[in-house]
Amino acid sequence: MDRHLTDSLEYARFLPRNACLVMDIGSGAGLPGIPLAIALPDVRFVLSDRSARRVDLLERAVRVIGLENAEVVRRDLHSLDGEVELAVARAVLQPAQWLDVALKALIPGGILVVGVGHGSETPQSSTGVLVERHDFESGVLDRSATILTIQKCDG
Ligand SMILES: C[S@@+](CC[C@H](N)C(=O)[O-])C[C@H]1O[C@@H](n2cnc3c(N)ncnc32)[C@H](O)[C@@H]1O
């Protein structure tokens with residue numbers, strides 16, 4: 001419960017208050033997207049994964065739960081191109097790999113909120129992207145966790 005569901009809900013604190021559409025990249029079995037969609041019924045979620053098997057599972061989960069604010073798409077994250085305003089992702093890529101994804105996938109001003117290994121190195125902000133690291137010690141969740149917010153600079 002703590003390890004997956006509460007952990008997923010931690011992403012909510014990094015979503016802008018006026019968020020209306022969030023993509024979950026590499027959603028797998030639906031984390032963090034499904035717990036967030038349940039907690040934030042006014043926000044629309046796109047649960048995406050490149051695996052057909054995962055997409056089948058996600059479609060079934062959304063149908064069984066009756067989650068009206070979530071849709072499922074089969075998509076490789078490397079095909080995203082200047083179209084994402086706000087996305088979450090958990091346990092999908094190594095921290096440094098997210099910088100190139102942010103530059104390519106996000107619109108200017110867009111934000112990626114990504115969960116990475118707690119002990120992992122923080123990639124440096126560089127031309128075009130601003131990186132912030134947020135650590136949660138194990139008193140908050142049952143294990144330590146790290147979330148990075150990566151914003152593509154405007155212009
Ligand atoms: C370790 S699982 C994590 C799943 C889920 N986010 C979680 O926290 O439980 C990684 C997921 O990322 C997906 N994935 C890996 N590379 C991807 C890519 N290039 N494009 C889209 N999905 C990808 C995999 O299919 C898998 O479902």
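Preceding block: the structure.
Rules used throughout
- Starting from 1, residues in each chain are numbered consecutively following that chain's sequence as written.
- Given that this is a predicted model, residues contribute local features only at a pLDDT of at least 70 and side-chain atom pairs are listed and counted only at 80 or more, while totals for whole chains, interfaces and linings are drawn from all residues.
- Secondary structure is summarised from DSSP: a helix means a run of H or I of at least four residues, a strand means a run of E of at least two, and numbering begins at the N terminus for each.
- Computation of the radius of gyration draws on C-alpha atoms, with the globule rule given as 2.2 Å multiplied by the number of residues to the power 0.38.
- Counting other C-beta atoms within 10 Å of a residue's C-beta gives its exposure: the residue is buried at 20 or more, exposed at 12 or fewer, and partly exposed in between, where C-beta atoms are placed from the backbone.
- What counts as a contact is two residues whose backbone-derived C-beta atoms lie within 7 Å of each other.
- Along the arc lie the directions from the helix axis toward the C-beta atoms.
- Only when DSSP finds a minimum of two bridges between them are two strands counted as paired.
- Axis definition: a line fitted to C-alpha atoms, over the contacting stretch in the case of helices. Angles run 0 to 180 degrees between N-to-C directions.
- In this usage, the nonpolar core is the set of buried Ala, Val, Leu, Ile, Met, Phe, Trp, Tyr and Cys residues whose C-beta atoms join them within 7 Å.
- We call a residue near a molecule or strand when its C-beta atom, built from the backbone, sits within 6 Å of it.
- Following the grouping adopted for this structure description, the nonpolar residues are Ala, Val, Leu, Ile, Met, Phe, Trp, Tyr, Cys and Pro, the charged ones are Asp, Glu, Lys and Arg, and the polar ones are all others, Gly among them.
- A helix is expected to reach a length of 1.5 Å times the quantity of its residues less one.

Caption draft 1: Spotlight on the overall build of the chain. When helices and strands are tallied, the chain shows four helices and seven strands. Along the chain, from the amino end to the carboxyl end, the secondary structure elements read α-β-α-β-α-β-β-α-β-β-β. The C-alpha radius of gyration of the chain comes to 15 Å, within 12% of the 15 Å expected for a compact globule of 155 residues. For the chain, the C-alpha atoms occupy an extent of roughly 45 × 40 × 30 Å along the three principal directions. Counting across all 155 residues of the chain, residues that qualify as buried make up 33%. For the chain, long-range pairs separated by at least 24 residues make up 67% of all intrachain contacts whose partners lie at least 6 apart in sequence.

Caption draft 2: Structural detail: helix 4 (residues 97-105). If you check which residues of helix 4 are buried, you get Trp 98, Leu 99, Val 101, Ala 102 and Ala 105. Taken end-on, helix 4 shows its buried residues confined to a sector of 165°, consistent with a single buried face. Check the buried side of helix 4 and you find it contacts strand 4 (84-90), strand 5 (106-116), strand 6 (129-136) and strand 7 (145-152).

Caption draft 3: Examining the sheet that holds strand 5 more closely. With mixed pairing, the seven strands of this open sheet are ordered in space as 3-2-1-4-5-7-6. Only two strands of the sheet have a single partner each, and these edge strands are strand 3 (70-74) and strand 6. Strand-to-strand twist across the sheet, computed as the mean angle between neighbouring axes with direction ignored, equals 20°. Of the strand pairs in this sheet, strand 1 (residues 21-25) and strand 4 are connected by two bridges, and their pairing is parallel. By the bridge assignment for strand 4, Asp 24 is matched with Val 88. Of the strands in this sheet, strand 2 (44-49) and strand 3 touch helix 3 (residues 52-65), which is tilted by about 165° from strand 3.

Caption draft 4: Region of the structure containing the nonpolar core. Within the largest apolar cluster, 37 residues are counted, with the highest numbers of intra-cluster contacts made by Ala 87, Trp 98, Ala 102, Leu 112, Val 114 and Ile 150. Per element, the largest residue contribution to this core is six residues, and it comes from strand 5. Those residues in contact with Leu 112 that sit more than four places away from it in its chain are Ala 87, Ala 89, Trp 98, Ala 102, Leu 106 and Ile 150.

Caption draft 5: View of the site of the ligand. By nearness alone, 15 residues border the ligand, and Gly 26, Gly 28, Arg 50, Leu 77 and Arg 90 come closest of all. Per-class residue counts for the shell around the ligand are five nonpolar, five polar and five charged.

Caption draft 6: Fine view of helix 3. Over its 14 residues, helix 3 runs 20 Å from end to end, which matches the ideal 20 Å to within 8%, given 1.5 Å per residue. Once helix 3 ends, the next one or two residues include Gly 66, with phi positive near 75°.

Caption draft 7: Fine view of unusual backbone geometry. Look at the link from Leu 31 to Pro 32: it is a cis peptide, with omega at 5°. The residue Pro 32 is located in the loop between strand 1 and helix 2 (33-39) in this model.

Caption draft 8: Up close: the environment of Ala 19. Turning to its location among the elements, Ala 19 is positioned in the loop between helix 1 (2-9) and strand 1. In this structure Ala 19 touches Val 43 and Leu 86, once residues within four positions along its chain are discounted.

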